[in-house]
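Chains, contacts and geometry: an overview
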Amino acid sequence: MRILALWAAFLVFAPSVQAGLRLGDIFAHKIPEADQVLEQFNHGRAQTALPARFKVVVWNTHKEVHPLMTHQMTEFTETHDLFLGQEGWLLDPFIDVLQKNPDWEWSFASSFYYDGKGTGVYTGARASAVKSEYRRSHFREPIIKSPKVAVINYYRIEGTEKLLLTINLHALNIVAKYKNLDQLKELEKIIEKHDGPVIYAGDFNSWSEDRLIYLQEMRQRLGLSEVSFFPDNRKLFHGKNVFDHSYIRNLKQTWSQAKPRIGTSDHTAMEFEVEYEE
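For the rest of this paragraph, the subject is helix α6 (residues 209-222). Note: α-helices contain 3.6 residues per turn, so residues at a spacing of three or four share the same orientation. With 14 residues, α6 ought to run about 20 Å at 1.5 Å a step, and its terminal C-alpha atoms sit 20 Å apart, in line with that. For α6, the complete set of buried residues consists of R211, L212, Y214, L215, M218 and L222. With its buried residues spanning 160° around the axis, α6 presents them on a single face. Considering only its buried residues, α6 is in contact with α5 (177-193), β10 (198-203), β13 (241-242) and β14 (244-249). Note on α6: the residue one or two positions beyond its end, G223, has a positive phi of about 70°.

Take a look at the structure:
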C-alpha cells in the first residue's frame, strides 16, 4: 500500500516538480479558508456582454510560468473571448497576464497555496461576470489531501436575456471512481437547474474507461453536446483516453482545433468558436 501511495503522489505532483516547484513546498501546502478561495482580477472593467458568436480556449497550463506560456496566454486574450484554464499559479508573471488587458475580467479559485501563492482554476472573459462562485470537491487527492476546485460563472450574451453558464473544472485524479463522480454530480446539479446556454469544460482526468463511459452518460442526461476538434491533439492516457473535454448546450459549434503548443504545458489547448442558438 505504501508503494501505491508513493506512486500516486508521483503521478499527481510530478508535473508540479517539473514546473519548478520544490517537493518540500508541495508537502508544506496550505488549504485556503472558504472565503479565501475565490479572487477576481479587473473586476467590473470589462464590457457587459459577450457577442452572440464568440471564441473559447480551454487549457490546463500545467502550473507553468515559462515566458512562452505567458506569451501564449496573452495571445489568446487578443484573439479569443473566453478562457477556461486549469493549474494556474499566482506568481507575478502569471498575475501580470491576468492584469495586462483591462478588457478582460478573471475569476481565480485556489485549490491550495505554495508559499502563499494560490494554484487552481481560472476563468477569464471579455465580459464581466454577472455572478462568480466556486465548488470545492468533498474528497481530496491522496498524500497531501488537497481538494480540486471548479469555477462557475454566469455571463450575458448579446441578443438574449438568458445567461451563459460556464463551469471550469479540474477533476479529482488519483482517487476511487466514486470520489471522482461525487465531484461531477455536484456540478451536474447546477447545469440541471440552469435555463440557458452552457459551457462545461476542463481537465476531467478521464483516464479510465469507466470515467469516459460516465461522461458519455452525463452528456446525454444533461442534453449536452461534446465539442469535436480538427485537428485533435488532446492529451491521451497511454495513447488512448482523453483527459480534457468541452461540452456545450444551446450553442452551435462553428470552428475548433486542438493544436499542441511546443515548450509549455503537457496539455493541448482546446480552441473553439460557438454561436448562441435557442
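Let's shift gears to the side chain of S206. One can find S206 in the loop between β10 and α6. A distance of 2.8 Å separates a polar atom in the side chain of S206 from a polar atom in the side chain of H245. Apart from the residues lying within four places of it in its own chain, the contact partners of S206 are R211, L212, L215, N241, V242, F243 and H245.

Bringing the sheet that holds strand β15 (residues 251-257) into the picture now. Read from one edge to the other, the open sheet built from seven strands follows the order β1-β5-β6-β4-β3-β16-β15, with strand pairing classed as mixed. Single-partner strands in this sheet number two, and they are β1 (38-41) and β15. For this sheet the average axis-to-axis angle between neighbouring strands, irrespective of direction, equals 20°. In the sheet, β1 pairs with strand β5 (residues 105-114) via four bridges, with the strands oriented antiparallel. Within β5, the position partnered with Q40 by the bridge is S107. Strands in contact with helix α3 (residues 67-79) are β3 (53-60), β4 (82-89), β5, β6 (117-125) and β16 (270-276); relative to β3, the strand with the most contacts, it is inclined by about 165°. Against the sheet, helix α4 (residues 92-100) touches β1, β4, β5 and β6, its axis set at about 55° to β1.

With respect to the helices and strands, I167 occurs in strand β9 (residues 164-170). A relative accessible area of 0% places I167 in the buried class. Sequence separation between I167 and L84 is 83 residues, and the spatial gap between their C-alpha atoms is 8.5 Å. Filtering out sequence-adjacent residues up to four positions away, I167 remains in contact with L84, A150, V151, I152, L187, I190, I191, I199, Y200 and A201.

On to the pairing of β9. Of all seven residues making up β9, seven are buried, and the element is well covered by its neighbours. On β9, burial covers both faces: L164, T166, N168 and H170 on one face and L165, I167 and L169 on the other are all buried. Across six bridges, strand β8 (residues 149-157) lies against β9 in antiparallel orientation. If you follow Y155 over to β9, its bridge partner there is L164. Turn length for the β8-β9 hairpin, with the two strands adjacent in sequence and antiparallel, is six residues, and the turn residue G159 shows positive phi of about 90°. By the bridge criterion, six bridges tie β9 to β10 in an arrangement that is parallel.

The subject of this paragraph is the confidence of the model for the chain. Averaged over all residues, the pLDDT of the chain equals 88, while 86% of them reach at least 70. Of the regions scoring below 50 in pLDDT, residues 12-20 engages in 19 contacts with residues more than four places distant in sequence or in other chains.

Reading the values: the criteria
Residues numbered from 1 in each chain as written. Predicted model: local features only at pLDDT ≥ 70, side-chain atom pairs only at ≥ 80, totals over all residues. Heavy atoms only, no water. Helix = DSSP H or I, 4+ residues; strand = E, 2+ residues; numbered from the N terminus. Expected span 1.5 Å × (residues − 1). Buried < 20%, exposed > 50% of the residue type's maximum accessible area, 1.4 Å probe, protein only. Arc of directions from axis to C-beta. Contact = heavy atoms within 4.5 Å. Polar contact = N/O pair within 3.5 Å; in protein donor to acceptor, adjacent residues only side chain to side chain. Pairing = 2+ DSSP bridges. Axes fitted to C-alpha atoms, helices over the stretch in contact; angles between N-to-C directions. pLDDT = per-residue confidence, 0-100.

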